[in-house]
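# Fold and geometry: a report
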Amino acid sequence: MIHLDEGTVLANGVTMPWVGLGTCRLQRRQAVERAIHTALDAGYRSIDTAAIYQNEAEIGSALQKSMIARDRLFITTKLWNTSHGYSHTLAAFDESRRKLGVDYIDLYMIHWPSRGRIQETWRALEILYNRGDVRAIGVCNFGVRDLQELIRHCEIKPFVNQVEYHPRMNQKPLMHFCHQNNIQVQAWSPLMQGEILSESLIVQIAEKHEKTPAQVVLRWALQNGIPVIPKSATPHRIRENIDIFDFELPIEDMVNIHFLNENRRIGSDSGHYFYD
C-alpha cells in the first residue's frame, strides 16, 4: 500500500512526494494563498509552479506565511521557452528562486524542448545541480526522441520527465523508455481537465469503492508508479485529491482503466512544435 508520508525515490536518492498541487492559471494573491494553505493543511508538501505561470512570488509568500519548515517542502519550478541558453537559464533560475524566496529549488525543469538550444540549457541545469542550488533537475513534455537527443550529449540524465498522463493517454512507449533510463515520470493533467471523470467505467469503480471518480483516477496513476500534480483552486477538491491513501484498486480495475487508453492528448505535443 502506498502511503501519504512516502514518495517515489529519484535516481539520485531524492524523495519526491506522490501528490503535489498544480498551480497553472492560479495567479491572484488571495486565490494562491487560499489554495496553498488549504493544500498544506490537507497534507500536501509538494508545490508545482513555473515561470510562465507568473505566480512564483505569490506562492513564495504563501509558503513563508505557512511556517512549514523548508526541508519539509518539495518545490518545483520550470524554465520557460524564452529563457533557453546557458546564461539565460542561469539568470532565469536566479529570478525564480528570488521570487519563491528560497535558498534552493527541489526540482528545476525545462518546460518544453527547444530545437538547437537544449544542450546549452541542460549544461546550465547541470551546473545548478552540481552547485547544490537544486536537488534534482528534469524536463517536461519530452518525448522519446527529445530524451534520446538530450541523453546523447548530457553528463547527468534528467531525474524526472513531467508529461500529460491520464487514462486516455497512458504514454506506454514513453513510460518504457523512461523506466529503462531510470527517469521518473510525473503526470500533469492527470484528471484530463475533468473530462475523464464522467467516464462510466470510472464512475462505476468509484461507486464500488465509495470514492469519487477523481480519487479513482489519481489512485490508478499512483499504483502505476506515477506521481501526480492535480490542479485546483477549490478547497474541497484540493482536499479530495490527496485523500487517496486509504484504499487500493484491485488488478481488474487497474486493467479495465488501462484499456480506456486512446492515445488522446488534451495538451500540446512537443513533436508537432519543435521538429520539422
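Scroll up to find the structure this text is about.
What comes next is a walk through the structure. (Residues numbered from 1 in each chain as written. Predicted model: local features only at pLDDT ≥ 70, side-chain atom pairs only at ≥ 80, totals over all residues. Heavy atoms only, no water.)

## So, the side chain of Asn161
Looking at the element boundaries, Asn161 is found in strand S8 (residues 160-164). Leave out the neighbours within four places in its chain, and Asn161 touches Val139, Cys140, Asn141, Phe142, Leu147, Leu174, Cys178, Ile183, Gln184, Val185 and Gln186. (Helix = DSSP H or I, 4+ residues; strand = E, 2+ residues; numbered from the N terminus. Contact = heavy atoms within 4.5 Å.)

## Brief notes about the state of the cysteines
Tallying each qualifying case throughout the model produces zero disulfides. In this structure Cys24 is a free cysteine whose sulfur lies 11 Å from that of Cys140, the closest cysteine sulfur available. Look at Cys140 and you get buried, because its relative accessible area is 1%. (Disulfide = S-S within 2.5 Å. Buried < 20%, exposed > 50% of the residue type's maximum accessible area, 1.4 Å probe, protein only.)

## Re a nonpolar patch on the surface
On the surface, a nonpolar cluster with roughly 340 Å² of combined accessible area is contributed by Ile251, Val255 and Phe259. If you trace the backbone, Phe259 turns up in the loop between helix H10 (251-258) and helix H11 (270-273). Judged by its relative accessible area of 64%, Phe259 falls in the exposed class. (Patch = residues over 30% accessible without salt bridge, like charges linked within 9 Å, V, L, I, M, F, W, Y side chains within 5 Å. Areas by Shrake-Rupley, 256 points an atom, 1.4 Å probe, with all protein chains shown as cover. Salt bridge = Lys/Arg side-chain N within 4 Å of Asp/Glu carboxyl O.)

## Description of helix H6 (residues 172-180)
Among the residues making up H6, those that are buried are Leu174, Met175, Phe177 and Cys178. For H6, the arc enclosing every buried residue in end-on projection is 165°, short of the 170-degree limit, so these residues lie on one face. Exposed residues lying more than 90 degrees from the buried face of H6 are Lys172, Pro173, His176, His179 and Gln180. Each element contacted by the buried residues of H6 is listed here: helix H5 (144-153), S8 and strand S9 (184-188). Taken from the residues just after H6, Asn182 is the one with a positive phi, measuring 60°. (Arc of directions from axis to C-beta.)

## Overview of the nonpolar core
Formed by 85 residues in total, the largest nonpolar core has its most connected members in Val19, Ile36, Tyr108 and Ile257. At seven residues, helix H8 (residues 213-223) tops the list of elements feeding residues into this core. Discounting residues that sit within four places of it in the chain, Tyr108 has contacts with Thr77, Lys78, Leu79, Thr89, Ala92, Phe93, Leu125, Leu128, Val134, Ala136, Ile137 and Gly138. (Core = buried A, V, L, I, M, F, W, Y, C linked by side-chain atoms within 4.5 Å.)

## Describing the sheet that holds strand S7 (residues 134-140)
Judged by pairing direction, the sheet is parallel, and its seven strands sit side by side in the order S3-S4-S5-S6-S7-S8-S9 without closing on themselves. Across the chains shown, the open sheet's two edge strands, defined by having one partner strand only, are strand S3 (20-22) and S9. Each adjacent strand pair in this sheet contributes to an overall mean axis angle of 25°, direction not counted. (Pairing = 2+ DSSP bridges. Axes fitted to C-alpha atoms, helices over the stretch in contact; angles between N-to-C directions.)

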